[in-house]
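Topology and contacts: notes
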Amino acid sequence: MSAAVNQRSETRYHCLVPVEGKEGSEFDQTKTFDISKHGICLVSSQNIPINQKIAVEIVLKPNTEPVVVIGVVKWVRKLGVTEQYRVGMKFSEIISGSSTRLDKYIESSRWE
């Protein structure tokens, strides 16, 4: 098998935090893996369909308004022999909040 080509055009920052999702849903027991200005990678026990649109609420700091984006699943990869998947999502639309605020927060955080 050939190795996957890294198509990332921007720096990703690790952010291992739980994702809140309804129990039993495809986001139950999901965690973030990394984030960039234009996308996020999740680790999920569910195989989420490619091109599925998902609303994502990103809380940048406690007691502040979250940034809400629509993400589109661009790729899904099974993690070895585990029952987990890495899911790559690209942000396609900002619903509320500011993309500038998200960009500045990601750049200033340096979660690496």
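Residues numbered from 1 in each chain as written. Predicted model: local features only at pLDDT ≥ 70, side-chain atom pairs only at ≥ 80, totals over all residues. Heavy atoms only, no water.

**Comments concerning the overall build of the protein**
- Summing up its helical and strand segments, the protein has 1 helix and 6 strands in all.
- Mapped from its N terminus to its C terminus, the protein presents α and β elements in the order β-β-β-β-β-β-α.
- Across the 112 residues that make up the protein, the buried fraction comes to 32%.
- Residue pairs at least 24 apart in sequence account for 48% of intrachain contacts in the protein once pairs closer than 6 positions are excluded.
- Surface accessibility of the protein: about 7500 Å² in total, with carbon and sulfur atoms responsible for 50%. (Helix = DSSP H or I, 4+ residues; strand = E, 2+ residues; numbered from the N terminus. Buried < 20%, exposed > 50% of the residue type's maximum accessible area, 1.4 Å probe, protein only. Contact = heavy atoms within 4.5 Å. Areas by Shrake-Rupley, 256 points an atom, 1.4 Å probe, with all protein chains shown as cover.)

**Notes on unusual backbone geometry**
- Positive phi outside glycine occurs at Asn-51, with the angle close to 70 degrees.
- Mapped onto the elements, Asn-51 comes out in the loop between β3 (39-44) and β4 (53-58).
- What makes Asn-51 exposed here is its relative accessible area of 53%.

**A short note on the pairing of β4**
- Going residue by residue along β4, you find Ile-54, Val-56 and Ile-58 tucked away on one face and Lys-53, Ala-55 and Glu-57 left uncovered on the opposite face.
- Note: β4 against strand β5 (residues 67-78), 6 bridges, orientation antiparallel. When the bridges of β5 are listed, Glu-57 appears paired with Val-68. (Pairing = 2+ DSSP bridges.)

**Let's talk about the nonpolar core**
- In this structure, Ile-58, Val-87, Met-89, Phe-91 and Leu-102 are the most contacted members of the largest nonpolar core, which totals 18 residues.
- Those elements that provide at least two residues to this core are β3, β4, β5, β6 (85-96) and α1 (99-109).
- Leaving out residues up to four positions away in the same chain, Ile-58 has contacts with Ile-35, Pro-66, Val-67, Val-69, Phe-91 and Leu-102. (Core = buried A, V, L, I, M, F, W, Y, C linked by side-chain atoms within 4.5 Å.)

**Observations concerning the pairing of β5**
- Where β5 meets β6, 10 bridges bridge the pair, whose relative direction is antiparallel. Residue pairing in the sheet places Trp-75 in a bridge with Gly-88 of β6.
- The hairpin formed by β5 and β6 contains 6 residues between the paired strands, and Gly-80 there has a positive phi angle of roughly 50 degrees.

**Here's the deal with the environment of Ser-92**
- By secondary structure assignment, the location of Ser-92 is in strand β6.
- Put simply, Ser-92 and Val-69 are 23 residues apart on the chain and 7.3 Å apart in space, counted from C-alpha to C-alpha.

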